[in-house]
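Single-letter residue listing:
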Amino acid sequence: DAKTTQPNSMESNEEEPVHLPCNHSTISGTDYIHWYRQLPSQGPEYVIHGLTSNVNNRMASLAIAEDRKSSTLILHRATLRDAAVYYCILRDKPIIQGAQKLVFGQGTRLTINP
Amino acid sequence: EPEVTQTPSHQVTQMGQEVILRCVPISNHLYFYWYRQILGQKVEFLVSFYNNEISEKSEIFDDQFSVERPDGSNFTLKIRSTKLEDSAMYFCASSEALLWGKDTDTQYFGPGTRLTVL
């Protein structure tokens with residue numbers, strides 16, 4: 001799996017937007033960019049994923065650079081509940097059908113100040 | 001919303017004892033996984049399971065570990081002879097099968113079982 005680089009930690013204030021960066025300069029053409037997060041004392045939770053175009057869902061937005069070597073997870077209005085470790089993970093399109101593991105890095109620990 | 005459940009939430013055992021961690025994946029999912037997270041460290045993949053057999057396993061998943069889908073709903077992880085270093089949070093996850101036109105999946109994780117080996 002291609003490697004991603006994220007800042008170890010970030011801090012933001014409640015009700016402000018948060019931009020979480022991820023660098024993946026060795027991304028291949030078939031790698032999907034996935035974001036998961038892990039709230040304190042919980043299992044990881046899917047946030048969003050994309051391939052080339054920017055994506056929006058009810059939780060967040062994903063902005064993907066034109067060259068795909070970086071991406072940014074955007075939380076439009078952070079709440080205290082968004083305090084978590086955020087993981088940027090690259091996943092290749094599987095060659096054959098089958099279970100495909102997630103490879104977690106250290107992620108970015110996001111702190112939200114009230 | 002359907003969710004992955006795990007039991008027990010906390011298991012305490014003596015070194016050398018066998019433990020079985022249980023998971024109920026989301027009902028229409030076909031891919032199953034176990035991950036673990038040692039306190040303060042990153043989430044690590046252990047094993048994936050599909051069509052009643054192991055798809056992939058990591059170096060951590062040695063002969064002391066086994067997985068089973070004993071019936072249509074449960075997915076279990078057995079550690080035959082626990083060691084102190086097996087103390088960790090163990091997460092079960094499941095995902096739908098990849099269908100035609102769908103190139104990637106979303107994994108849904110359970111709340112975890114905290115295993116403490118004394």
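I will try to describe carefully the structure that is included in this document. (Residues numbered from 1 in each chain as written. Chains lettered and ligands numbered in written order. Predicted model: local features only at pLDDT ≥ 70, side-chain atom pairs only at ≥ 80, totals over all residues. Heavy atoms only, no water.)

This paragraph deals with the state of the cysteines. If you walk through the whole model with that rule in mind, you get two disulfides over all chains. Two residues share a disulfide in this structure: Cys22 of chain A and Cys88 of chain A, whose sulfurs sit 2.1 Å from each other. Between Cys22 of chain A and Cys88 of chain A, the S-S dihedral sits near -85°, and the bridge is therefore left-handed. Linking Cys22 of chain A in strand S2 (residues 18-23) with Cys88 of chain A in strand S8 (residues 84-92), this pair joins segments that are 66 residues apart in sequence. Cys22 of chain A sits in the buried class, given a relative accessible area of 1%. Assessed through its relative accessible area of 2%, Cys88 of chain A is described here as buried. Between the sulfur of Cys23 of chain B and that of Cys92 of chain B lies a disulfide, 1.9 Å long from S to S. Judged by the sign of its S-S torsion, about -65°, the bond between Cys23 of chain B and Cys92 of chain B is left-handed. Taken together, the residues Cys23 of chain B in strand S3 (residues 19-24) and Cys92 of chain B in strand S9 (residues 88-95) connect sequence positions 69 residues apart. (Disulfide = S-S within 2.5 Å. Helix = DSSP H or I, 4+ residues; strand = E, 2+ residues; numbered from the N terminus. Buried < 20%, exposed > 50% of the residue type's maximum accessible area, 1.4 Å probe, protein only.)

We now examine the packing of aromatic side chains. The final tally for this structure, using the stated rule, is 14 aromatic pairs over all chains. Note on Phe104 of chain A and Phe109 of chain B: the rings are 6.1 Å apart at their centroids and 75° apart in plane angle, and the pair reads as edge-to-face. Remark: Phe109 of chain B occurs in strand S10 (residues 108-109) and Phe104 of chain A occurs in the loop between S8 and strand S9 (108-113); the pair is interchain, linking two chains. The same class applies to Phe104 of chain A as to Phe109 of chain B, namely buried. Chaining the aromatic ring pairs together yields one cluster made of Tyr36, Tyr46, Tyr87 and Phe104 of chain A together with Tyr33, Tyr35, Phe45 and Phe109 of chain B. (Phe/Tyr/Trp six-rings, centres within 6.5 Å; stacked < 30°, edge-to-face > 60°.)

Take it as geometry only, folks, not as evidence of what the structure does.
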